[in-house]
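Summary of the model geometry
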Amino acid sequence: MKTSIATVSISGDLAEKLAAIAAAGFDGVEIFENDFLAFDGSPREVGRMVRDHGLEISLFQPFRDFEGMPEPQRSRAFERAERKFDLMGELGTDLVLICSNVSPLCLGGIDRAAADFHELGERAARHGIRIGYEALAWGRHVNDHRDAWEIVRRADQPNVGLIVDSFHTLARRIDPDTIRSIPGDRIFFVQLADAPKIDMDLLYWSRHFRNMPGEGDLDVTGFMRAVAATGYDGVLSLEIFNDQFRGGSPKSISVDGHRSLVYLMDKVRRLEPGIRIDVPPMPDRIDVEGIEFVEFAADEEEAATLAGMLTTLGFARSGRHVAKDVELWRQGAINIIINTEREGFAHSSYVMHGTNVCDIGFRVSDAAATVERARALGADPFEQPVGPGELNIPAIRGVGGGLMHFIDSGSDLARIWDIDFRPVQDGPANRDTGLTRIDHIAQTMNYEEMLTWLLFYTSIFSTSKTPMVDVVDPAGLVRSQVIENDAGSMRITLNGAESRRTLAGHFIAESFGSAVQHIAFATDDIFATAEALKASGFVSLVISANYYDDLAARFVFEDDMLARLREFNILYDRDEQGEYFQLYSPNYGEGFFFEIVERRGPYRGYGAANAPFRIAALKRHLRPPGLPKR
Ligand SMILES: O=C(O)c1ccc(O)c(O)c1
Ligand SMILES: [Mg+2]
């Protein structure tokens, strides 16, 4: 598999772009004419720069408004093309993309266009240049790859071929399987892009909202399966026009891009077993059985505060690490670790972010395979020295810098709590509040990083993403999207903050980018849990009376349910599937909190309608801006 990315896809000047692209593992770049024009150096220098990075120029583009012109524009277009052929010689590339004509002057007529390409092919051949023709979704007369292919076929020149671009085909809802009947050797180049499904003008959608395969809603996999079926085994190139990427980190966007291609081709290989696809072997996406533990890094003082909170939540201190200052707190199937070590990863994490979740343990089908797949997708494995007799638990670095450890039942890892921990029983007996498991973990990040996280999780784990919802914080918008598996045993909500004045933005700023902002525990009986919490001294987040008046207007409640919701500050949602109950703790520190939920019936949501009221309530608890820390 030969990979490439268009220089328009990422931010920076040409030198920064090339460094990031090379570091991410691409083989080549599409040089966008504007990137070249804006560069203060000769075409030869650009060519040398590209090759010095170990890259090749896979394509020069775009050449616009060529075919089907009346005179004198027709002759001018040929002259323009000849100049670009010379330029390409100096750059050191032999393939140019000509996109379908959008000019109002363009006459149309499939044979006229074919004749133009026949002649251009002859001229290009003298320069050793090949021409690829791409149908823009908004082309004046040609806006479908089938028409572009017919023109290429009739042009009848060996150096004139077709370029397909997943965006143009899929945005127009053209069945990608129509590509299967095109000869693979007549496809000169393949451009890949995804996009969120938004109903808008095609050109605007394409120029501002494209994203990496797997990050959007288009069937890029179906498109690529069809391309692979033709026998095409040339370059796969990302051409991503995206406003956010243009302002983002060139390094991380390039890494995402490379990951998206490897993930895509791994998928295609599994779906098209009869087609040879040249992508490194790796285990299939990993099944997650559950969250085995969540680990906090803290100092002694904050560890005591956290332990106090866990105690009122009904957790018991039940284990101590055999060698480290690490405690295990437990209730139901929930394991919370508090790490106060003065060295190692948790300590660095504490120094960097303050008290925070530094590590999440996932129970997976195969821990070693998880690391293997993550590595193949460009994630960094993590290792730190383990003491004698302790388990070496497979781990990687997550996107935000936190760790992810993997436990499975097929090895000694299943006995982690017996091997690495000694039991302690020093708490009062039976203060369980009915918490059974982790329902979900909520991670907060800057909105620009959200797609990075999304691609990271969905490419490694057998999960899917829900549509994005906008959550209104009084100080700005927070976008929320969930990564979840079918069984509901892995649920991670991603919250992208656009303003640091939002609760989520404040949390990121004050914790220097730590990620887990809340953990939601499940109970089978929210009211029994609420009673038990009250008895153990838990103070819940106070929800406004107006909220309950509105609930009464929106839903019909039986018995005294509404009064009980109000009494315990429980938020409520209902859909065709079932019901959802949510109870919150106030903020801890700079915006971290706990949530307790009950799902009745197969309710799959997360109470999005309640989020604004929860945020407003949490913000009332947060220290006002400008005041010193408590
Ligand atoms: O938006 C454009 O003009 C444009 C140009 C070249 C391409 O390859 C493309 O897909 C879009
Ligand atoms: Mg294109």
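Residues numbered from 1 in each chain as written. Chains lettered and ligands numbered in written order. Predicted model: local features only at pLDDT ≥ 70, side-chain atom pairs only at ≥ 80, totals over all residues. Heavy atoms only, no water.

- Per an unreviewed UniProt entry, the protein chain goes by 3-dehydroshikimate dehydratase and derives from Rhizobium alvei.
- Looking at the protein chain in UniProt, the text filed under Pathway (unreviewed entry) is "Aromatic compound metabolism; 3,4-dihydroxybenzoate biosynthesis."
- Per its UniProt entry, the protein chain bears the Catalytic activity (unreviewed entry) comment "3-dehydroshikimate = 3,4-dihydroxybenzoate + H2O". (UniProt positions renumbered as here; feature names shortened; annotations may be inferred.)

1. Thoughts on the pattern of salt bridges
- By the definition in use, this model includes 37 salt bridges.
- Close ionic contact of Asp 177 with Arg 180 constitutes a salt bridge, the shortest N to O distance being 2.7 Å.
- What makes Arg 180 partly exposed here is its relative accessible area of 34%.
- One salt bridge in this structure joins Asp 470 and Arg 479, with 3.9 Å as the shortest N-O distance.
- Among the charged side chains, a network of salt bridges with common partners joins Arg 74, Glu 82, Asp 116, Glu 119 and Arg 123. (Salt bridge = Lys/Arg side-chain N within 4 Å of Asp/Glu carboxyl O. Buried < 20%, exposed > 50% of the residue type's maximum accessible area, 1.4 Å probe, protein only.)

2. Brief notes about helix α13 (residues 344-353)
- Of all the residues in α13, the buried ones are Phe 345, Ala 346, Ser 349, Tyr 350 and His 353. When α13 is viewed along its axis, its buried side chains cluster within an angular range of 135° and face the same direction.
- Close packing links the buried residues of α13 with β9 (288-297), α12 (300-312), β12 (334-339), β13 (356-364), β14 (395-397) and β15 (403-407).
- Following α13 by one or two positions, Gly 354 has its phi on the positive side, about 80°. (Helix = DSSP H or I, 4+ residues; strand = E, 2+ residues; numbered from the N terminus. Arc of directions from axis to C-beta. Contact = heavy atoms within 4.5 Å.)

3. Examining the site of ligand 1
- Arg 64, Glu 134, His 168, Arg 207 and Glu 239 are the nearest of the 14 residues found near ligand 1.
- One nitrogen or oxygen atom from the side chain of Gln 61 is found 3.1 Å from an oxygen atom belonging to ligand 1.
- Arg 207 is positioned such that a nitrogen or oxygen atom in its side chain is 2.6 Å from an oxygen atom of ligand 1.
- Classifying every residue of the shell around ligand 1 gives five nonpolar, three polar and six charged. (Near = heavy atom within 4 Å. Polar contact = N/O pair within 3.5 Å; in protein donor to acceptor, adjacent residues only side chain to side chain. Nonpolar A, V, L, I, M, F, W, Y, C, P; charged D, E, K, R; others polar.)

4. Notes on the coordination of the magnesium ion (ligand 2)
- Each protein donor to the magnesium ion (ligand 2) is listed here as Glu 134 (OE), Asp 165 (OD), Gln 191 (OE1) and Glu 239 (OE); together their distances run 2.1 to 2.2 Å.
- In this structure, the magnesium ion (ligand 2) is surrounded by six donor atoms whose angles at the metal cover 77 to 175°, and the resulting shape is octahedral.
- For Asp 165, a relative accessible area of 2% translates into the label buried.
- Judged by its relative accessible area of 0%, Gln 191 falls in the buried class. (Donors = N, O, S within 2.8 Å, 3.2 Å for Na, K, Ca; no water. Tetrahedral: all angles 85-135°; square planar, octahedral: opposite > 155°, others 65-115°.)

5. Thoughts on the domain arrangement of the protein chain
- By domain assignment, the protein chain separates into domain 1 (2-271), domain 2 (288-423) and domain 3 (435-621).
- With centres defined by C-alpha atoms, the gap from domain 1 to domain 3 works out at 43 Å.
- Listed per partner, the contact involves 13 residues of domain 1 and ten residues of domain 3.
- Taken together, the connections running from domain 1 to domain 3 amount to zero salt bridges.
- Among the secondary structure elements, those contributing two or more residues to the side of domain 1 that touches domain 3 are α10 (243-247) and α11 (250-271).
- It is α11 that contributes the most residues to the side of domain 1 that touches domain 3, five residues altogether. (Domains from an automatic or database assignment.)

6. Structural notes on the pairing of β13
- Burial runs high along β13: eight of the nine residues are buried.
- One ladder, built from eight bridges, connects β9 with β13; its direction is antiparallel. The residue bridging Phe 293 from the neighbouring strand is Gly 361, located in β13.
- Judged from the five bridges that link them, β13 and β15 form a sheet pairing that is parallel. Across the sheet, Ile 360 pairs through a bridge with Met 404, a residue of β15. (Pairing = 2+ DSSP bridges.)

7. A closer look at empty space enclosed by the protein
- This structure, assessed with the given rule, holds one cavity of 30 Å³ or more.
- Estimated volume of the largest cavity: approximately 50 Å³.
- Every residue lining the largest cavity is listed: Glu 134, Ala 135, Asn 143, Asp 144, His 145, Ile 163, Val 164, Asp 165, His 168, Thr 169 and Ile 174.
- If you list the elements that add at least two residues to the lining of the largest cavity, you get β6 (160-165) and α7 (166-171).
- Considering every element that reaches the lining of the largest cavity, the biggest residue donor is β6, with three residues.
- For the lining of the largest cavity, the per-class residue count stands at four nonpolar, four polar and three charged. (1 Å grid on protein atoms, 1.4 Å probe; cavity = no way out; pocket = protein on both sides within 12 Å on 5 of 7 lines; lining within 4 Å. Points joined across faces, edges and corners; volume = space filled by probe spheres on them.)

8. Quick word on the sheet that holds β12
- Here eight strands make up an open sheet; going across it, the order is β14-β15-β13-β9-β12-β11-β10-β16 and the pairing mixed. Every other strand in the sheet has two partners, leaving β14 and β16 (421-423) as the edge strands with one partner each. Within the sheet, the average angular offset between the axes of one strand and its neighbour, ignoring direction, is 30°.
- In this structure, β9 lies alongside β12, joined through four bridges in parallel fashion. Paired with Glu 295 across the strands is Ile 337, a residue of β12.
- In the packing of α12 onto the sheet, the strands contacted are β9, β11 (326-331) and β12, and the crossing angle to β12 comes to about 165°.
- Helix α14 (residues 367-376) contacts β13, β14 and β15 of the sheet and is inclined by roughly 140° relative to β15. (Axes fitted to C-alpha atoms, helices over the stretch in contact; angles between N-to-C directions.)

9. A word on the UniProt feature "binding site: Mg(2+)" (unreviewed entry) in the protein chain
- According to UniProt, the "binding site: Mg(2+)" (unreviewed entry) feature falls on His 440, His 518 and Glu 595. In sequence the annotated residues extend across 156 residues, while in space they remain close, none of their C-alpha pairs exceeding 9.3 Å.
- Among the structural elements, His 518 can be located in strand β22 (residues 516-523).
- Given the relative accessible area of 6%, His 518 is considered buried.
- If near-sequence neighbours (up to four positions away) are discounted, His 518 is found in contact with His 440, Ile 441, Ala 442, Phe 592, Phe 593 and Glu 595.
- A polar atom in the side chain of His 518 sits 3.5 Å from the side chain of His 440.
- Topologically, Glu 595 is positioned in strand β25 (residues 593-600).
- On the accessibility criterion, Glu 595 (1% relative accessible area) is buried.

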